[in-house]
Amino acid sequence: MELNEKNEYWSQRFEQQVFSGAEIDSKEFDGCTFDGCDFSEATFKHCNFVECEFINCNLSNVKIEYSKYSDVCFRESKLIGINWTKATWPGMIFSSPVKFYKSILNDCSFHGLSLQEFVLEECKAHNVDFRDGDFSKANFTYTDLTGSFFSGTNLSEADFSEATNYDIDIYQNRIENARFSRYEAVRLLESLDIELVD
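Description of the structure in this document. Computed from a predicted structure; not experimentally measured. Within any chain, residue numbers begin from 1 and follow the written order of that chain's sequence. Two thresholds apply to this predicted model, a pLDDT of at least 70 for residue-level local features and 80 or more for giving and counting side-chain atom pairs, whereas whole-chain, interface and lining totals are computed over all residues. Hydrogens and water are ignored here; the side-chain numbers use all heavy atoms of the structure.

## So, empty space enclosed by the protein
Then, in step 1: Space inside and on the surface of the protein is sampled on a 1 Å grid over the protein atoms alone, with a cavity defined as a set of points where a 1.4 Å probe fits but cannot get out and a pocket as an open set with protein on both sides within 12 Å along at least 5 of 7 lines; lining residues have an atom within 4 Å of a point. Grid points are joined across faces, edges and corners, and a volume is the space filled by probe spheres set on the points. As enumerated under the stated definition, the model contains one cavity of 30 Å³ or more in all.
Then, in step 2: Volume-wise, the largest cavity comes out at about 40 Å³.
Then, in step 3: Lining the largest cavity, in full, are Phe-44, Leu-59, Val-62, Ile-64, Tyr-69, Phe-74, Ile-82 and Trp-84.
Then, in step 4: Along the lines of polarity and charge, the residues of the lining of the largest cavity split into eight nonpolar, no polar and no charged. As a working rule, the residues Ala, Val, Leu, Ile, Met, Phe, Trp, Tyr, Cys and Pro are called nonpolar, Asp, Glu, Lys and Arg charged, and the rest polar, with Gly in that last group.

Put into structure tokens, the structure is as follows:
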């Protein structure tokens, strides 16, 4: 199915479609499923995604200029190098409009975004920018956060159970009532300028 046929798509299923490098402008997707699609290097401009699901898709280096997301789920997908700050986010968010499961989000930016109850579960999130954002009550369980940036970040009540390789300065971030696995939580002590001995 071509995406230039019409402006609104309701409960459509797109399977194994290639939209690599395409510019998708002013389209509305409501209740749609994208399965095994390639959107690498594509541009979503002024698009609106509502209750959509991306499964096993490649969205690497997608540009998401002024697009909106509401209850959108990404599963087993590749989302490398996306600047999520370019999307249009609603002023009041009570639960995160995007959720990620078993996906790769290396080199993405969520800098300064307020995404409470954000879900990043069983993902690889290397060098991701979470600075100055509100990710309170977020779910980072089982996610590898190697090289990701946390500074001025609200992580209160966030769940880092079984998450690995995070570097979170307890003086630079809010972490009250956050959950950490006992052995991995030793990483939090690195900001204390103390020496740990066995």
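Don't stop here, the text continues.
## Points about the side chain of Ser-148
Then, in step 1: Within the fold, Ser-148 resides in the loop between strand E12 (119-121) and strand E13 (159-160).
Then, in step 2: For the exposure calls, accessible area comes from a 1.4 Å probe over protein chains only, and a residue counts as buried if that area is under 20% of its type's maximum, exposed if over 50%, partly exposed in between. A residue is classified by how much of its surface remains accessible, and Ser-148, at 5% relative accessible area, is buried.
Then, in step 3: Within the local environment of Ser-148, its side chain forms a polar contact with the backbone oxygen of Ala-125, the two atoms lying 2.7 Å apart.
Then, in step 4: Distance and chemistry together define a polar contact, namely a pair of N or O atoms within 3.5 Å, with one atom able to donate a hydrogen and the other to accept it when in protein, and with adjacent residues in sequence counting only for side-chain atoms on both sides. A polar atom in the side chain of Ser-148 sits 3.1 Å from the backbone nitrogen of Val-128.
Then, in step 5: Two residues form a contact once any of their heavy atoms are found within 4.5 Å. Once residues within four sequence positions are removed from consideration, Ser-148 is found in contact with Ala-125, His-126, Asn-127, Val-128, Phe-130 and Asp-167. Secondary structure elements are defined from DSSP: runs of H or I of at least 4 residues count as helices, runs of E of at least 2 residues count as strands, and each element is numbered from the N terminus.

## Some details on the nonpolar core
Then, in step 1: Among buried residues, the Ala, Val, Leu, Ile, Met, Phe, Trp, Tyr and Cys ones that are joined through side-chain atoms within 4.5 Å form a nonpolar core. Phe-39, Trp-84, Phe-100, Phe-110, Phe-118 and Phe-140 are the most contacted members of the largest nonpolar core, which totals 55 residues.
Then, in step 2: Ignoring any residue separated from it by four or fewer positions in sequence, one finds Phe-100 in contact with Phe-74, Leu-79, Trp-84, Leu-105, Phe-110, Phe-118, Val-119, Leu-120, Glu-121 and Cys-123.

## Considerations on the sheet that holds strand E10 (residues 72-75)
Then, in step 1: Strand pairing is assigned whenever DSSP identifies at least 2 bridges connecting the two strands. Within the open sheet, the six strands sit side by side as E2-E5-E8-E10-E11-E12. Their pairing is parallel. A single partner strand is all that each edge strand has here, and the edge strands are strand E2 (13-15) and E12. Across the sheet, the mean angle separating the axes of adjacent strands is 10° when strand polarity is ignored.
Then, in step 2: Sheet topology note: the E2/strand E5 (residues 33-35) ladder contains three bridges and is parallel. Note on E5: the bridge partner recorded for Arg-13 is Thr-33. Only the contacting stretch of a helix is used when fitting its axis, a line to C-alpha atoms as for every element, and angles between N-to-C directions run 0 to 180 degrees.

## Examining the environment of Ser-70
Then, in step 1: Tracing the chain through its elements places Ser-70 in strand E9 (residues 68-70).
Then, in step 2: Look at Ser-70 and you get partly exposed, because its relative accessible area is 36%.
Then, in step 3: Between the C-alpha atoms of Ser-70 and Ser-96, which are 26 residues apart in sequence, the distance is 8.2 Å.
Then, in step 4: Once you skip the residues sitting within four places of it in the chain, Ser-70 turns out to touch Phe-49, Val-50, Glu-51 and Pro-97.

## A few points about the packing of aromatic side chains
Then, in step 1: Two aromatic rings, drawn from Phe, Tyr or Trp (for Trp, its six-membered ring), form a pair once their centres lie within 6.5 Å of each other, and the interplanar angle then sorts them: stacked below 30 degrees, edge-to-face above 60, tilted otherwise. Under the defined criterion, the tally for this structure stands at 39 aromatic pairs.
Then, in step 2: Plain terms: the ring middles of Phe-74 and Phe-100 are 5.1 Å apart, the flat faces sit at 15° to each other, and that makes the pair stacked. Residue Phe-74 is located in strand E10, and its partner Phe-100 is located in strand E11 (residues 98-101); the two are separated by 26 residues in the primary sequence. Just as Phe-74 is buried, Phe-100 falls in that class too.

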